[in-house]
Amino acid sequence: MPIATQAGGVLMSASRYSPRDIEPKWQDRWEKAGLYRSVEDPSREKFYCLEMFPYPSGDLHMGHMRNYAIGDAYARFLRMKGFNVLYPMGYDAFGLPAENAAITRKVDPGKWTRSSIKRMVDVQKRMGLSYDWSRTLATCEPEYYRWNQWIFLKFMEKGLAYRKSAPVNWCPSCQTVLANEQVEGGGCWRCHSTVQKKDLKQWFFKITAYADELLEDLEHLEDWPERVKTMQKNWIGRSEGAEIDFKVVDSDQVISTFTTRPDTVFGITYMVLAAEHPLVEELVKGSKSADGVRKFVKKAQEKTLIERTDETREKEGVDTGRTFVNPATGEKFPIYVADYVVMEYGTGAVMGVPAHDQRDFEFARKYGLPVRVVIQDDTGLLTGNTMTQAYVENGVMVNSGPFDGRPNREAMPDFVSYMEEKGWGREALSYRLRDWLISRQRYWGTPIPIIYCSQCGEVPVPEGDLPVILPSDVEFTGEGNPLETSETFLNVACPNCSGPARRETDTMDTFIDSSWYPFRYTDPAYDKAPFDPAKAAYWMPVDQYIGGIEHAILHLLYARFFTKGLRDLGLTDANEPFKRLLTQGMVIKDGAKMSKSMGNVVPADEMMERYGADTARVFILFASPPERELEWSDQGVDGSYRFLNRVHRLVMENLSLFADVAGVTGQGDENVRSLIRVRHRTVQKVREDIERRFQFNTAISAIMELVNEIQRFIAGNGTKGEGAASAVSDALRTTILLLAPFAPHLAEELWEAVGHGESVFKCQWPSYDQELVVSEMVQMVVQVNGKVRARFEAPPGTPKESLEKTALGMPRVQELTEGKEVVKIVVIPGRLVSIVVK
RNA sequence: GGGGGAGUGGCGGAACUGGUAGACGCACAGGACUUAAAAUCCUGGGACGGUAACGUCGUGAGGGUUCGAGUCCCUCCUUCCCCA
């Protein structure tokens, strides 16, 4: 390899930067040396850095690349800082695409998935990511999913897994049920088909048992983005209020409703049941209104959830002809069925207080129901007949028996106690969060380890018989659950009585797989439990988790629940899985999210083919701060490529300087001292940008500035002067180290070229000297009446009086202050002198 | 309808605690090298006026606090995300 030399004034060309040669070379060496293997070591401080593992579709897109570029830069930085870093990768390998491929193309989902994983690993390796590949996992392997089954059984013992019949979300296109979290705006989160309601007997995880803890612990997650916490908080939706019982007239039925406004009970003038409410049929059976109500129920159920809860839509309802008693007043009022009430919230029954709830008000006006004011405003003039909208603010209670005259907010607790004494109702909490429905009528997932026996009922598969393996003798027809076509799977002897029995054919929601995988990485081959508690105790929790904001509720809430569940099984001490969370922004091109359907995808492997992995990584990190959207620009990539080329050339052209063994003395002229100062400042800035602000874009631009400075220095001073050679070589060496987390291959190549035998990642992150960071002179600005009018230089630490004097003495300043009265002078050392004149 | 982001040159973005707005990069223009091009290097650049030094305006719009506001407060507009 020819080395550039400057001989006789003729610059001989240095060997060109060739990522195509450099990158595979170093990837190979890293792997052979096992450089990124991590081993538990209690004497060292650990750091667990993790990216959300991908669904292996086979294609690595820019969103993935961004995710990994961030995580890898951070992991490499931390290694150089001396941490014992765990940085693994795995695959969220169960899911519908593999099964759909099986239906349409007759390929085995396992084969399809494994080959996709292979393709992804290949691209990830070419990116030069520093994963500990010995810890990799795929959730579709029995060695992994057997522990889903094991945890399911343990949860069952604890009462955290149970089976019940309930109206559930059914996606007609995916042919499966969905959890509440997986219904977005009334549609399936995956295919957007309108979700229907179906009554089915299904398995649930009792996430509601942790509702309060999940809510309260959000407070301790200081390093989570506020908006993710807000989203989770809203999702859990805890509200305080009361549950009130209403007797149905001419019946022994009691209907309970939850309300956050028990103070308005005296104003109840009707009640509404959801179309799905189990009592509806019973109430109208045999009555003359039965037909009309049934028709209405059917119509309501055909509407989507969005339609039904749209507040701008006119509410529709139908009178059941039945009445109930308002316990506060003893009066009888009608019971309606209406489309705006759904079973999802509270109890599926709502008490109607038209005067103080806008929806109730509109409904009451439409159907001519009485409006009764029980909270009066400041004017005291509200009346049911004249008001044009509900009064929802606070006020003074009226028409409320013994509570008349009291401010409603303040009286609320007393009112609830009063209700409890009278036996009308009780204090209650309500959550929006529902238990997690985990059954899926699909093949490519973890079989639920349950056997149904006509004698013994639901029998858990004994722990010793795990895993229940997914059978391969199934038919993919596109209709029904393929598992039902496997006779070998279906028929089994009851573990209890040995009689003939049938296996559960539903599989688990794939979000279960991703709910505990960070634990599995700590010991992916462990075969006595999901993970070795000792190893998990060392590594968990994840110190830095990185992924898309789209998982703010789903995955992140489930994983938090699982961690608490595993803790209560005694497997871990961790309360939370992720200490710090970074939500990366989307990758945008031509104004739209980069996606296959938009046709604006830039494939990762193509990028690396053209520019190499280092360029791609540098550009992705440089173009935008991680949390924000990233606007893709092909020209921008050229810029990053040019930058790396420049670094390469600069080092290769100056290799001779590195032979100089003498350290940096700090001797030399002002230019030398300035170069040294920039070098130390850059080290400080890059470190702070990565560590404290997680802002790689400004870190990289600081390195660019250092490189510009070195180049300018060489062009101006050359390297012959006193201290010049050592200052330049030190600055270049520093550049290589600072660049290492972002462009690891190039850094290794140059590190070797300048004469180091060991990997750059075994080196300490460069340090800086606080004294050298400080400038010899600082620029001061002089403002007159808020406008910058002059500048001067002063050494740091100059006293205020002296700065003020200098400023006032400047000709330009004198010109502007002449004949005027100086009203005020503000001096900020190191920044400015601000003079106010009149 | 509720909650939360974001809005800065032609573009991506910087400005960390209220203190020189536009770092760094892209695109662009001029120049050097070259027979020519590519690559590379140098120079320029928010807008308007001026040969200039300088002046005026300028961070979505309008108001306010302050010696000083991209940054803080109020009202509004646009846009994205989440929940309805």
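Scroll up a little and you will see the structure.
Just so you know, these numbers come straight off a predicted model, no measurement behind them.

Peer 1: Please explain the sheet that holds strand E19 (residues 436-437) as it appears in this structure.
Peer 2: Spatially, E6-E5-E9-E19 is the arrangement adopted by the four strands of the open sheet, whose pairing is antiparallel. Single-partner strands in this sheet number two, and they are strand E6 (176-178) and E19. Sheet topology places strand E9 (residues 196-205) next to E19; two bridges connect them, and they run antiparallel. Looking at the pairing, Phe204 lines up with Leu437 of E19. Sheet strands in contact with helix H5 (residues 142-157) are strand E5 (161-171) and E9, and its direction is about 90 degrees off that of E9.

Peer 1: What's the story with the protein's contact with RNA strand B in this structure? I'm lost.
Peer 2: Taken together, 43 residues surround RNA strand B, and among them Arg432, Arg692, Arg791, Arg812 and Arg831 come closest. Near-protein atoms of RNA strand B (within 4 Å) split between backbone and bases, with sugar and phosphate holding 73%. Measuring from a phosphate oxygen of RNA strand B, one finds a side-chain N or O atom of Arg789 at 2.9 Å. Lys824 is positioned such that a nitrogen or oxygen atom in its side chain is 3.1 Å from a phosphate oxygen of RNA strand B. Elements supplying a minimum of two residues to the surface near RNA strand B: helix H7 (226-236), helix H19 (634-653), helix H21 (696-717), strand E31 (778-784), strand E32 (787-794), strand E33 (822-828) and strand E34 (832-837). The dominant element in the surface near RNA strand B, judged by the number of residues it contributes, is H21, at seven residues.

Peer 1: Sorry if this is basic, but what is going on with helix H12 (residues 408-422) here?
Peer 2: The periodicity of an α-helix, 3.6 residues per turn, causes residues three or four positions apart to be oriented the same way. The sharpest bend along H12 reaches about 30 degrees and sits at Asp414. Taken together, the buried positions of H12 are Asn408, Ala411, Met412, Phe415, Val416, Tyr418 and Met419. Contacts from the buried residues of H12 go to strand E10 (239-247), strand E16 (375-376), strand E17 (396-397) and strand E18 (425-430).

Peer 1: Honestly, the nonpolar core in this entry has me stumped. Any pointers?
Peer 2: Across soluble globular proteins, nonpolar side chains have a tendency to be buried as a group. Of all hydrophobic cores here, the largest spans 186 residues; its most connected members are Phe152, Phe205, Trp436, Trp632 and Phe742. It is helix H2 (residues 62-80) that contributes the most residues to this core, eleven residues altogether. Of all hydrophobic cores here, the second largest spans 56 residues; its members include Val318, Ala328, Ile375 and Met419.

Peer 1: Explain the pattern of salt bridges here, please?
Peer 2: Where side chains of opposite charge bring their charged atoms close, a pairing between them can arise. For the structure on display, the rule yields 46 salt bridges. Between Glu281 and Arg294 there is a salt bridge, with its nearest N and O atoms 2.8 Å apart. Of this pair, Glu281 sits in helix H8 (residues 279-284) while Arg294 sits in helix H9 (residues 290-302); the two residues are 13 residues apart in sequence, bridging distant segments of the chain. The class for Glu281 is partly exposed, based on a relative accessible area of 34%. Here Arg440 ties to Asp509 by a salt bridge, and the two come within 3.1 Å at their closest N and O atoms. Residue Arg440 is located in strand E20 (residues 439-440), and its partner Asp509 is located in the loop between strand E25 (507-508) and helix H14 (517-521); the two are separated by 69 residues in the primary sequence. The residues Arg440 and Asp509 share a single accessibility class, namely buried. Several salt bridges converge on common partners, so that one network encompasses Glu213, Asp217, Arg560, Lys564, Arg567, Asp568 and Glu576.

Peer 1: What's the story with the sheet that holds strand E21 (residues 450-453) in this structure? I'm lost.
Peer 2: Strand order in the open sheet formed by four strands is E22-E21-E24-E23, with antiparallel pairing between adjacent strands. Either end of the sheet is taken by a strand with one partner, and the two such strands are strand E22 (457-460) and strand E23 (491-493). Across the sheet, the mean angle from the axis of one strand to that of its neighbour is 40 degrees, orientation sign disregarded. When E21 meets E22, the two strands line up antiparallel, connected through four bridges. The residue of E22 that forms the bridge with Tyr452 is Glu458.

What counts, and where the lines are drawn
Residues numbered from 1 in each chain as written. Chains lettered and ligands numbered in written order. Predicted model: local features only at pLDDT ≥ 70, side-chain atom pairs only at ≥ 80, totals over all residues. Heavy atoms only, no water. Pairing = 2+ DSSP bridges. Helix = DSSP H or I, 4+ residues; strand = E, 2+ residues; numbered from the N terminus. Contact = heavy atoms within 4.5 Å. Axes fitted to C-alpha atoms, helices over the stretch in contact; angles between N-to-C directions. Near = heavy atom within 4 Å. Polar contact = N/O pair within 3.5 Å; in protein donor to acceptor, adjacent residues only side chain to side chain. Bend = angle between axes of the 7 residues up to and from the residue. Buried < 20%, exposed > 50% of the residue type's maximum accessible area, 1.4 Å probe, protein only. Core = buried A, V, L, I, M, F, W, Y, C linked by side-chain atoms within 4.5 Å. Salt bridge = Lys/Arg side-chain N within 4 Å of Asp/Glu carboxyl O.

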